[in-house]
Amino acid sequence: QKVASPTSTCRFSRPQVFHLQSAQHPRKLPKMTTKINVRPDGVGVLTLCNPPVNSLASSLMESMDANFQKLATDPAVKAIVITGEGNFFCGGAEISEFGKMTSKGPDGFGPDESPVKALTDVFDKVDACPKTVVAAVNGMALGGGLETALACHYRIGLASVSVGLPEVTLGLLPGGEGTQRIPRVAPLEVFLPMLLTGAPLNAAKAHKAGILDAIVKSNVVDEAAKFALSMPPNPISKRPVLAATRFKALGGALEMTLNQASQKAKGMIAPAAIIKCVEAACSNISFEEGVKEEGRQFKKLLFSVQSAALRHLFFSERLANKVPGLKEKPAPIKKVGIVGAGLMGTGIAICFIQKGVPVILKDAKQEWLDAGMKNIVKIWSGKVAKGRLPAEKAKGYEALIKPTLKYEDFADCDIIIEAVPEIMSLKKEVFQALDKHTKPGTLICTNTSGLNIDEIAAVLKDPSRCMGTHFFSPANVMQLLENVRTSKASDATVATCMQMGKMINKKAVLVGNCDGFVGNRMIAPYASEAKQLIEDGATIAQVDQAAEAFGMAMGPMTLGDLVGQELFWKQRKAAGDMKKQTKTYMGPYELVDWLCENGRFGLKTPDPKIGANGRGIYIHRGRDKMVDPEVIAKVEEIRKAKGVTPRTVTDQEVVERLFFSLVNEGFKILEEGFAQRSSDIDIVYIFGYGFPPAKGGPMFWAENYVGLPVVLEKLKVYAAQAKERFTNNKAYLPVDYFEPSKLLIECVQAEKAGMKKKVPVGVPLVDAVLAFKKKQGKGASKL
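Cut-off values and rules
- Residues numbered from 1 in each chain as written.
- Predicted model: local features only at pLDDT ≥ 70, side-chain atom pairs only at ≥ 80, totals over all residues.
- Heavy atoms only, no water.
- Buried < 20%, exposed > 50% of the residue type's maximum accessible area, 1.4 Å probe, protein only.
- Helix = DSSP H or I, 4+ residues; strand = E, 2+ residues; numbered from the N terminus.
- Pairing = 2+ DSSP bridges.
- Right-handed = clockwise from strand over helix to strand, strands pointing away.
- Expected span 1.5 Å × (residues − 1).
- Contact = heavy atoms within 4.5 Å.
- Polar contact = N/O pair within 3.5 Å; in protein donor to acceptor, adjacent residues only side chain to side chain.

Asker: An account of the pairing of strand 15 (residues 443–446) is requested, with residue identities and associated values reported.
Answerer: Along strand 15, one buried face is formed by Leu 443 and Cys 445 and the opposite face, lined by Ile 444 and Thr 446, is buried too. In this structure, strand 14 (residues 415–418) lies alongside strand 15, joined through 4 bridges in parallel fashion. Counterpart to Ile 416 in the pairing with strand 15 is Ile 444. The parallel pair strand 14 and strand 15, bridged by helix 17 (residues 424–436), forms a crossover whose chirality is right-handed. Examined bridge by bridge, strand 15 and strand 16 (residues 466–471) share 3 bridges and lie parallel to one another. Counterpart to Cys 445 in the pairing with strand 16 is Met 467.

This is the structure we're talking about:
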């Protein structure tokens, strides 16, 4: 399945100007505006108009500034109401404009000048208005939207609304004076979690906290107008911070909360900056001086690589579902069939049922079907017991699922997903049966994690209706979905599968049909190199701890125990070749083979003799684990057998060998055309493999944290070491995952030629190089 696409080296003799559209820097934003009208009662209404969420684009802020001044200076206007068009008050800043700000560089702003000064200047005018100003919060008020409301003297909200300050999720803080205003209306225990986690509050909680002054069921503009006419101006900037908040801040509450936030969001720099702003608000300095501190901290964060990484992910999520050139419309999905009632099949079924889509669940034996149904019901009853799901709703879910042993029950399904064990002959048998018992337009998809889907699809009379739909386990929890395009999949099939992912709230990414697709192909060298590092002299604990310190959810050795050490051992045994290497698994195998021969697969194999609920690389007891002493002894034995003298391995070397090999494979996937764009690979790793969001994904990290020239030079060093190892020591199998990708070499050449300066903000260099190659007719694409 691996397709090698020879690519001639592109020469970048002079900088190329790229006219690429970036998700962060669109070519042209439509002009946003506000509109005003004066009611018969003398209340002027200013409406934010930028559908769908009324974001605060620069053109909207210019319009708001001009129109607010008209209302403020009009003697016929007694009071002012600010509201949003449609069902949204305001979703905050126009994030795509941050790229324009960062392109100026930090020196493009004065020492105390906030990059969002245009925003705060307008808010200051609202705050200082001699007429009463009320926010009629008609829908969600998030980020700059809530700051707009806080700039008003009062806030009236519908009972259905929610408010929040989610900037921290982009590595930022509320830069529109939010850190200075919210401590003046809400208690510390309410506003601090809002700032540090981004979690929103519903209307009732916001009212109780003092963020909303009143809640109404309907006619929010009318009610806000009445309120405005009955109350004097009361700008938040003139109010003191609540006394209890000051007391708690001085008593160490801020430091304690920051420590808690740092534990939950390791390595994130925004929480500390937020705390500095809150400290300023709670100190004796003026509101205006506090705003200056907020501006300084906001600027630091805006120009940080961490915020750039998180903004990259924000846009990458939205870009992943777009397939260039795809014009076919998706077919409606009204009923779904699932083949296989195991862990994966039942998880997939839950995804659809919880969206109100009926599911036919089939298995080969009644006991397997019964066990699957029992597991599904157990998940829902557990949620009911915890108060997270109403009992009636759980019953409604159960009514949407029909268990069956007959293929005939799939007759009216719109899509069928096969989720049987990874055995090619079994999957072909299932597909042949489905071909006989489904209507012609039904999509027949496989959940395989690595088998050749073209080979499976070949048994269908119409292979154009087949794709891979690679869910991650447990499917009802994990967000990632790799949609795998086969060689004969129709555009309608692709469009329907991408829409399906969106429908069930998955991060759907279109990938090509190569060994391991994107995620599992890239994780293979990472897993292989973890074992090699240990044979070279690193300890098991060191390898895992270095990966976790980097930000991974767990280290590679712990991950092996979680997914099962036997997975590829069984595949090699079935192939009759214990030295077999593919793009999804490679040596050294000695340690894993010994574990599996002794029945130690990890968490799934308890050992009652030693009181372990799982035994593999680690001995697992509840949530605790320790490296198995027998494993340590076995590593020593393997080293001796191979004639290896262990050496000191630094944590830096561990990180480089683990992640540079993984990144290099990502470049090869792009080079061979099995991924649409580098950001799709980042999405796969963030949502499927626990890569730290603050690093933006492996491809972003390589370019922006490390630098592609550094990655390339290090790969050359490690490639030479690997070649020397397997050439001089026949106990080692040959590996090529450190051999630099041709595309990576081309990217470094392009950077040296000055191309990076010509690429639009938000466009990764590798994508620009791919676009250049495509224009020259040298690119490869399997999508």
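The structure having been displayed, the exposition proceeds.
Asker: Provide a residue-level description of the sheet that holds strand 20 (residues 618–621), including the pertinent values.
Answerer: On the basis of which strands lie adjacent, the open sheet formed by 3 strands has the order 19-20-21 and antiparallel pairing. Edge positions in the sheet fall to strand 19 (614–615) and strand 21 (624–627), since each of these pairs with one other strand and no more. Relative to strand 20, strand 19 is paired through 2 bridges, and the arrangement is antiparallel. If you follow Gly 614 over to strand 20, its bridge partner there is His 620.

Asker: Could you give an account of the pairing of strand 16, with specific residues and numbers?
Answerer: Two faces belong to every sheet, and in a regular strand the side chains alternate between them. In terms of burial, strand 16 is a largely internal element, 6 of the 6 residues being buried. In strand 16, alternate side chains face the same way, and those of Cys 466, Gly 468 and His 470 on one face and Met 467, Thr 469 and Phe 471 on the other are all buried. Pairing of strand 16 with strand 17 (residues 480–485), which is carried by 4 bridges, proceeds in the antiparallel orientation. Counted as the bridge partner of His 470 is Glu 482 from strand 17.

Asker: Before we move on, could you go through helix 11 (residues 270–282) and cite the residues and values that matter?
Answerer: For helix 11, with 13 residues, the first-to-last C-alpha span of 19 Å sits near the 18 Å given by 1.5 Å per residue. All buried positions along helix 11 are accounted for by Ala 270, Pro 271, Ala 273, Ile 274, Ile 275, Cys 277, Val 278, Ala 280, Ala 281 and Cys 282. Taken together, the buried residues of helix 11 touch helix 5 (178–181), helix 6 (188–197), helix 9 (243–250), helix 10 (253–264), helix 12 (287–302) and helix 13 (305–320).

Asker: Requested: an account of the environment of Ser 283, with residues and values cited.
Answerer: Take Ser 283: it is sitting in the loop between helix 11 and helix 12. For Ser 283, a relative accessible area of 24% corresponds to the partly exposed category. Looking at Ser 283, its side chain comes within polar contact range of the main-chain oxygen of Ala 280, at 2.7 Å.

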